[in-house]
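# Descriptive structure summary
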Amino acid sequence: MFNLIPETYQPDARHLYEDIKHVWRGYLRGNLALMAIVGVVFSIVWVAIGMPGALILGLITGLLTIIPDLGPAIAVGLAVIVALFEGSNYLDISNLVFALLVVGIYTLLINVKNIWLRPLIFGRSVHMPDGVVFVAIIAAVILQGILGALIVIPVLASFGVIGHYVYRRLLGLPPFPEPLQTVEPVLPEPPPDVSA
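Residues numbered from 1 in each chain as written. Predicted model: local features only at pLDDT ≥ 70, side-chain atom pairs only at ≥ 80, totals over all residues. Heavy atoms only, no water.

## Regarding the confidence of the model for the chain
- Looking at the chain, the pLDDT average stands at 86 and 90% of residues meet or exceed 70.
- The secondary structure element of the chain with the lowest average pLDDT is helix H5 (residues 130-170), at 88, and the one with the highest is helix H2 (residues 54-64), at 93. (pLDDT = per-residue confidence, 0-100. Helix = DSSP H or I, 4+ residues; strand = E, 2+ residues; numbered from the N terminus.)

## Concerning the packing of helix H1 (residues 10-49) against H2
- Contact geometry of H1 with H2 gives a least axis separation of 7 Å together with a crossing angle of 150°. Put simply, H1 runs roughly antiparallel to H2. As for the relative orientation of H1 and H2, their crossing is right-handed in sense. For the pair H1 and H2, contact is made by Met-35, Val-38, Gly-39, Phe-42, Ser-43, Trp-46 and Val-47 and by Ala-54, Leu-55, Leu-57, Gly-58, Leu-59, Thr-61, Gly-62 and Leu-63, respectively.
- In terms of residue class, the contact of H1 with H2 is built from 10 nonpolar, five polar and no charged. (Axes fitted to C-alpha atoms, helices over the stretch in contact; angles between N-to-C directions. Parallel < 35°, antiparallel > 145°, perpendicular 65-115°, else oblique. Left-handed = near helix turned anticlockwise from the far one by under 90°. Contact = heavy atoms within 4.5 Å. Nonpolar A, V, L, I, M, F, W, Y, C, P; charged D, E, K, R; others polar.)

## Considerations on a nonpolar patch on the surface
- On the surface, Leu-108, Val-112, Ile-115, Trp-116, Phe-134, Val-135, Ile-138, Ile-142 and Leu-143 cluster together into a nonpolar patch covering about 950 Å² of accessible area.
- Among the secondary structure elements, those contributing two or more residues to the nonpolar patch are helix H4 (95-126) and H5.
- Here the nonpolar patch takes five residues from H5, the largest share from any one element.
- In this structure, Ile-138 sits in helix H5. (Patch = residues over 30% accessible without salt bridge, like charges linked within 9 Å, V, L, I, M, F, W, Y side chains within 5 Å. Areas by Shrake-Rupley, 256 points an atom, 1.4 Å probe, with all protein chains shown as cover. Salt bridge = Lys/Arg side-chain N within 4 Å of Asp/Glu carboxyl O.)

## Considerations on the packing of H1 against H4
- Look at H1 against H4: their axes get within 10 Å of each other, and the N-to-C directions meet at 155°. When the interaxial angle is binned, H1 and H4 end up roughly antiparallel. The element H1 and its partner H4 pack so that their crossing is right-handed.
- Per-class residue counts for the contact of H1 with H4 are 20 nonpolar, four polar and two charged.

## Considerations on the side chain of Arg-118
- Note that Arg-118 resides in helix H4.
- A relative accessible area of 5% places Arg-118 in the buried class.
- Leaving out residues up to four positions away in the same chain, Arg-118 has contacts with Leu-34, Thr-65, Lys-113, Gly-123, Val-133 and Ile-137. (Buried < 20%, exposed > 50% of the residue type's maximum accessible area, 1.4 Å probe, protein only.)

## Concerning the nonpolar core
- Counting 40 residues, the largest nonpolar core has Trp-46, Met-51, Val-102, Tyr-106, Phe-122, Val-126 and Ile-153 as its most contacted members.
- At the level of elements, H1, H2, helix H3 (70-86), H4 and H5 are the ones that each hand at least two residues to this core.
- Setting aside anything within four residues of it in sequence, one finds Trp-46 in contact with Met-51, Ala-54, Leu-57, Gly-58, Thr-61, Ala-79, Val-102, Ile-105 and Tyr-106. (Core = buried A, V, L, I, M, F, W, Y, C linked by side-chain atoms within 4.5 Å.)

## Some words on the environment of Leu-143
- Tracing the backbone through its elements, the reader meets Leu-143 in helix H5.
- A relative accessible area of 69% places Leu-143 in the exposed class.
- Along the backbone, Leu-143 and Leu-64 are 79 residues apart, and their C-alpha atoms lie at a distance of 21 Å.

## Let's talk about the pattern of salt bridges
- Summed over all chains, the structure comprises two salt bridges.
- Notably, a salt bridge pairs Arg-169 with Asp-12, separated by 2.3 Å at the nearest N-O pair. With Arg-169 in helix H5 and Asp-12 in helix H1, this pair connects stretches of sequence that are 157 residues apart.
- Glu-18 is paired through a salt bridge with Lys-21; the nearest N and O atoms lie 3.5 Å apart. Of this pair, Glu-18 and Lys-21 both sit in helix H1, three residues apart, which is roughly one turn of that helix.

## Notes on the packing of aromatic side chains
- Within this structure, the stated rule accounts for three aromatic pairs.
- For the ring pair Tyr-27 and Phe-122, a centre distance of 5.0 Å and an interplane angle of 50° mean the geometry is tilted. Highlighted residues: Tyr-27 in helix H1 and Phe-122 in helix H4, separated in sequence by 95 residues. Accessibility classification places Tyr-27 together with Phe-122 in one group, the buried group.
- Ring geometry for Phe-42 against Trp-46: centres 5.6 Å apart, planes inclined by 55°, an arrangement best described as tilted. Residue Phe-42 and its partner Trp-46 are located together in helix H1, separated by four residues, close to a single helical turn.
- By relative accessible area, Phe-42 is classed as buried at 2%.
- Looking at Trp-46, the relative accessible area reads 0%, which means it is buried.
- Taken together through their ring pairs, the aromatic side chains of Phe-42, Trp-46 and Tyr-106 make up a single cluster. (Phe/Tyr/Trp six-rings, centres within 6.5 Å; stacked < 30°, edge-to-face > 60°.)

Below, the structure is given as structure tokens:
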């Protein structure tokens, strides 16, 4: 594919390709970090309130967090079913009240994840402002559904990389930041050999 590009632009194309690849890898790392954090937090909370199968439910919640809207709905559904049928291991409340407690805790934590944690992690992983990430995810869910919300952040960041390149080219600036130049340390000269 690079051979189709004029030879003078091939180095730029390769640099752009590497930058875009870096964006998508960062997005993958951000997703993995988000899944791990959500899984651990929910496992701890479920253990704290005496949810039967707390670790498994926490792990499922972490894994399903990658799917916007649908994943959390499945996870809370499983947690509510367990709460209704099993109740708490040590809280002395009815199963229905326990299920309502689970829904309340889940709603609180999932909103913290969606409003604060997801934009923070994705913003840092693809080098975009948190607010832009938040608005992009909300807009993608509304306009495109789950699939749009899954890919909107890396696609937007990729367009940002290309836009930055075009902008710098139009202004006649170097398209990519200059690599850091290392300064060779000056070593002292060895003393002359006086034994001769």
